[in-house]
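Descriptive structure summary
Residues per chain, in single letters:
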Amino acid sequence: MEQNQFEVIRQDQDDISILTIKGYLDAHTAPDFEKAIQELLESNRYKIVIDFSDLNYISSAGLGVFMGFIEDVRKNGGDIKLAQLNDRVFKIFDLLGFPNLYEIYENLGQAIEKFKSA
């Protein structure tokens, strides 16, 4: 995978969907991420964990995708939980106040368990 490419990999565990995002999430690749989340909502899957472990960069367009869906997801009893952000990506989220809006976990298992224990 080239440095500026982007990839979304979906895994489902019962009613929880995990989207692993890889590479660069910017204005060029944000539509791919939007499509992946839209497909989940169209399938009535509202418990979503985003795995950031292989994400190298996120732009404002990428951040906007999260804001565009969170209201619909929560209105349907779900949530978008974020896991495994590297320091650089976390700093961007932190500067914009995302930790007040989203639950952020150090690892994927913690985020999945939070849904299961709810």
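As shown above, the structure is provided for reference.
None of the values given here were measured: they were computed from a predicted structure. Numbering of residues starts from 1 in every chain and runs along the sequence as written. Per-residue local features of the predicted model are confined to residues with pLDDT of at least 70, and side-chain atom pairs are confined, for both listing and counting, to 80 or more; whole-chain, interface and lining totals are unaffected and use all residues. Where side-chain values are given, they derive from all heavy atoms of the structure, hydrogens and water being excluded.

Looking now at helix α5 (residues 108-117). Exposure classes here rest on a 1.4 Å probe applied to the protein chains alone. A residue is buried below 20% of its type maximum, exposed above 50%, and partly exposed in between. Numbering goes from the N terminus for both helices and strands, where a helix is a DSSP run of H or I of at least four residues and a strand is a run of E of at least two. Those residues of α5 not exposed but buried are L108, A111, I112 and F115. End-on, the buried residues of α5 take up no more than an arc of 95°, which puts them together on one face. Here the arc refers to the directions that run from the helix axis out to each C-beta atom.

What follows concerns the packing of aromatic side chains. Any Phe, Tyr or Trp ring, taking Trp's six-membered ring, that has another such ring centre within 6.5 Å forms a pair; planes under 30 degrees apart are called stacked, those over 60 apart edge-to-face, and the others tilted. Applying the stated rule across the entire model yields 9 aromatic pairs. With a centroid separation of 6.4 Å and 75° between ring planes, the pair formed by F6 and F33 is classed as edge-to-face. In this pair, F6 is assigned in strand β1 (residues 6-13) and F33 in helix α1 (residues 30-42), connecting sequence segments 27 residues apart. Each of the two residues, F6 as well as F33, counts as buried.

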